[in-house]
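Listed below, chain by chain, are the residues.
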Amino acid sequence: MSGIFRDVFVFATPQLHIRDFFIKPQLDTECRNGSITIEVDIKNSSSNETFTRTQVYVSILDHLNKEIAQGQSNLLCYPPGASSKTTVVIEQVHQPYKWSAESPYLYRAVLTLKSSEKDLEYIPTEFGFRKIEIVKKKVLINGRRVYFTGVNRHEFHERYGLGPVDKETMIKDILLMKQSNVNSVRTSHYPNDPYWYRLCDRYGLYVIDEANIETHAFNDLMTKDPLWREAFLDRVQSLVERDKNHACVIFWSLGNESGFGKNHELCSEWIKSRDSSRLVHYEQAGWNKCVDVHSTMYTRVNAMIEHAKKSQDKPIILCEMAHSMGNSTGNLHEYWEAIRSTDGCSGAFIWDWVDEGLLEYSEMKPGEKYYRYGGDYHEEIHDGNFCLNGLVFPDRTPHPALWEVAKVYQPVAVKTISEELMEFTILNRYHFTNLRDIIEMTITLTRDNKTLHNSTHVLDVAPDSSAEFNFPEPRLLQCTYTSPAHILFTFRLRYDTSYARRGHQVAWEQFEISSKLYNPLAVFLDPTPPPSTQQMQLINEVDEYLVRGPSFEARFMKSRGELFLLRVDGTTILQGGPAINVFRAWTDNDRADSSYVGKWNHLGFNKYPDVKVKKHQPVIKPGVNETIEIEFSTLYYQKVAL
């Protein structure tokens, strides 16, 4: 859709004014104490007035509006038309609060421009103390390893299309992301609205800030052409200069899918000379030294692990993964099990956040809304439903997949030590937050929809560590159940936060109790072994094997090797037994023109496979607890390699 995608405004300044500034907060090697350097660009727009004894004063305020530090520049003189830079250095800030996605603490800096003791201009801005490093293939923020649980986000509105997104929708986006355990976002594939970065600063999201460079089908034609050098540099420089004071920006990205060449290398060189405090990202640079991380797209789990093993010094990031179109966003658990267990893997960003469909209202059913997309406006060139690949609908209603994302991204997990003894390990995946400061845990033991136990606990578990937890009512462990029991762990916010109210569920785990406490056949079985005189019978019929005991009978189909009937005490437990079925519904990623679809159909996986039994042999094992085993050797009618 055409139009102006950003706010356009006119503002007035005094003749002598601050044209630009760059706040550079630093932390020492222990991330304990800080310092601040502020570079200020001052310009005299007057054609006839000279400003003498010019100085910049900087006051640093905390959240209570209390001044914690201040500094000032040297005195300078600005004749008509002159401009120059000056620097304010604040050498010591004692133990400042650090900014992170978990605790996005912001200070306020107030820049005051004075000339001859007269205040000419005030500029307030927010900033945060945080330190970004790479150590042993790990991305560290404030000295601690961070995993990026990310999404890609296009700027899209259901009424306005791609580009203009109002503040209310941006706030809805960031609240949903935070509530879904997303801690990072890639601005695919262009600088976003400036307000979005203010929200990321305040609510806490790590940002890959991406330059508006994408040549796609031209591949590396432009990046290797000196004629395009200034165009590349202009877009990267504009990105950095606009967003350089935002604490949320962790990576500068050189663009998307534009091949790789000299122009990208020049852009990286300029960034590192202008801002050495952040990391440089670009997927198609591969292992080139001009980028700080090795970034890939849609890499399979095993290949991602191999990348991490191959890397000598670069962290591995999947800047796009789990293409969320249609019935998709699967395999997340396997990806994140690998990411968290593989040295060098630092996170992944799902493609993408929001469906790009335009709101329409039904003429047949007044008031009923729906979304139009590729081809629905009778346009000849379109991508079909390829623009509907988000975790949320255009109005930000979550897709079912978003619940899976929240589960896999959850910052608290539970592992079993012993289900029999109800011993568990609680893992705190927060990088900076003790569980006692934010989470309360509720455990609930249920059976047949009845609650056997419910209790709430506050656990002292340090960031990136674990603690053992024992079930508090051991007497319940002595029971033998005739139906399954489950223990549910829920982790909820103890207090209101900027993004969710107290009680918001952050994480959960559920376990079925061990088999020693639950026997699914106990309701049918007499605990006393039957006398040896009550032996089972094996009846060899033409098409079936019939196995008959004192209180049950089971029938097996010879031709397919299937148990197709089971009765216990006259009650039919199973009728039409298990059969091989490897089919699943097609997804959008199984496109009709894909060779995989053809192979899948050729194998007959779109129907019950024709499984034939080569031979069958019953074996009777006598004893007090007599058993009968029937072994079927099956042969699938055809083998084709996928």
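Just so it is clear, the structure is predicted and the values come from calculations on it, not from any experiment.

Time to look at helix 1 (residues 167-179). In this model helix 1 runs 18 Å from its N-terminal to its C-terminal C-alpha over 13 residues, within 8% of the 18 Å that 1.5 Å per residue would give. Among all positions of helix 1, only Thr 169, Met 170, Asp 173, Ile 174, Leu 176, Met 177 and Lys 178 are buried. Taken together, the buried residues of helix 1 touch strand 12 (148-152), strand 13 (156-157), strand 15 (184-186) and helix 2 (194-204). Immediately downstream of helix 1, the backbone of Asn 181 shows phi near 70°, a positive value.

All told, the structure shown has 15 aromatic pairs when counted by the stated rule. Relative to Tyr 206, the ring of Trp 99 has its centre 5.9 Å away and its plane inclined at 75°; by these criteria the two rings are edge-to-face. Here Trp 99 is found in the loop between strand 6 (83-93) and strand 7 (107-115), whereas its partner Tyr 206 is found in strand 16 (residues 206-210), with 107 residues between them in sequence. Residues Trp 99 and Tyr 206 agree in their burial class; the two are buried. Here a set of aromatic residues connected by ring pairs shows up, and it is made of Tyr 97, Tyr 105, Tyr 107, Phe 127 and Phe 129. The residue whose ring lies beneath Lys 167 is Tyr 195, and the NZ or CZ to ring-centre distance is 4.8 Å. Here Lys 558 stacks its cationic end above the ring of Tyr 545, 4.9 Å away from the centre of that ring.

This brings us to the nonpolar core. Core analysis: the biggest nonpolar cluster contains 108 residues, and Trp 196, Ile 350, Trp 353, Ile 426, Phe 489 and Phe 491 have the highest contact counts within it. By size, the runner-up hydrophobic cluster in this structure holds 28 residues, among which are Phe 21, Ile 60, Tyr 107 and Leu 111.

Let's shift gears to helix 3 (residues 229-243). With 15 residues, helix 3 extends 22 Å between its outermost C-alpha atoms, agreeing within 8% with the 21 Å of an ideal straight helix rising 1.5 Å per residue. Every buried residue of helix 3 is accounted for by Phe 232, Leu 233, Val 236, Leu 239, Val 240 and Asp 243. Viewed end-on, helix 3 has its buried residues packed into an arc of 130°, placing them on one side of the element. In the core, the buried residues of helix 3 are packed alongside helix 2, strand 16, strand 17 (249-253) and helix 4 (262-274).

Let's shift gears to the confidence of the model for the protein. Summing up the model confidence of the protein, the mean pLDDT is 89 and the portion of residues at 70 or higher is 89%. Predicted confidence for residues 520-533 stays below pLDDT 50, and this span has 7 contacts to residues more than four positions away or in other chains. Per-residue pLDDT stays below 50 along residues 636-642; that stretch engages in 18 contacts with residues further than four places along the chain or on separate chains.

What follows is about the pairing of strand 33 (residues 552-557). The sheet contact formed by strand 32 (residues 544-548) and strand 33 spans 5 bridges and is antiparallel. Bridge pairing in strand 33 links Val 547 to Ala 554. Once strand 32 ends, the chain turns through 3 residues before running back antiparallel as strand 33. Taken together, the 6 bridges between strand 33 and strand 34 (residues 562-568) define a ladder with antiparallel strand orientation. The residue of strand 34 that forms the bridge with Glu 553 is Arg 567. Connecting strand 33 to the next strand, strand 34, in antiparallel fashion are 4 residues, including Gly 561 with a positive phi near 70°.

In this approach the atoms are scanned with a rolling probe the size of a water molecule, which exposes any empty space left behind. Size it by volume and the largest pocket reaches roughly 1,300 Å³. The wall of the largest pocket is formed by 34 residues, among which Phe 9, Pro 194, Arg 198, Arg 242 and His 246 lie closest to the centre. Put simply, the parts of the chain that give the lining of the largest pocket at least two residues each are strand 1 (16-27), strand 8 (118-127), helix 1, helix 2 and helix 3. Its residues assigned to classes, the lining of the largest pocket shows 13 nonpolar, 5 polar and 16 charged.

Strand order in the open sheet formed by 3 strands is 9-10-11, with antiparallel pairing between adjacent strands. In the strand order of this sheet, the two ends are held by strand 9 (132-135) and strand 11 (144-145), each with one partner. Where strand 10 (residues 138-141) meets strand 11, 2 bridges bridge the pair, whose relative direction is antiparallel. Each bridged residue has a counterpart across the sheet, and for Ile 141 the counterpart in strand 11 is Arg 144.

Residue position: Ala 406 is located in helix 7 (residues 400-408). Linking Ala 406 and Ala 507, residues 101 residues apart in sequence, is a C-alpha distance of 7.9 Å. Setting aside residues no more than four positions away along its own chain, Ala 406 makes contact with Ser 180 and Asn 181.

With respect to the secondary-structure elements, Tyr 105 resides in the loop between strand 6 and strand 7. Spatially, the C-alpha atoms of Tyr 105 and Asp 62 are 9.1 Å apart, while their sequence positions differ by 43 residues. The contact partners of Tyr 105, leaving out residues within four places of it in the chain, are Asp 62, His 63, Tyr 97, Lys 98, Trp 99, Phe 127 and Gly 128. There is a polar contact of 2.6 Å between the side chain of Tyr 105 and the side chain of His 63.

Thresholds applied
- Residues numbered from 1 in each chain as written.
- Predicted model: local features only at pLDDT ≥ 70, side-chain atom pairs only at ≥ 80, totals over all residues.
- Heavy atoms only, no water.
- Helix = DSSP H or I, 4+ residues; strand = E, 2+ residues; numbered from the N terminus.
- Expected span 1.5 Å × (residues − 1).
- Buried < 20%, exposed > 50% of the residue type's maximum accessible area, 1.4 Å probe, protein only.
- Contact = heavy atoms within 4.5 Å.
- Phe/Tyr/Trp six-rings, centres within 6.5 Å; stacked < 30°, edge-to-face > 60°.
- Lys NZ or Arg CZ within 6 Å of the ring centre and 35° of its normal.
- Core = buried A, V, L, I, M, F, W, Y, C linked by side-chain atoms within 4.5 Å.
- Arc of directions from axis to C-beta.
- pLDDT = per-residue confidence, 0-100.
- Pairing = 2+ DSSP bridges.
- 1 Å grid on protein atoms, 1.4 Å probe; cavity = no way out; pocket = protein on both sides within 12 Å on 5 of 7 lines; lining within 4 Å.
- Points joined across faces, edges and corners; volume = space filled by probe spheres on them.
- Nonpolar A, V, L, I, M, F, W, Y, C, P; charged D, E, K, R; others polar.
- Polar contact = N/O pair within 3.5 Å; in protein donor to acceptor, adjacent residues only side chain to side chain.

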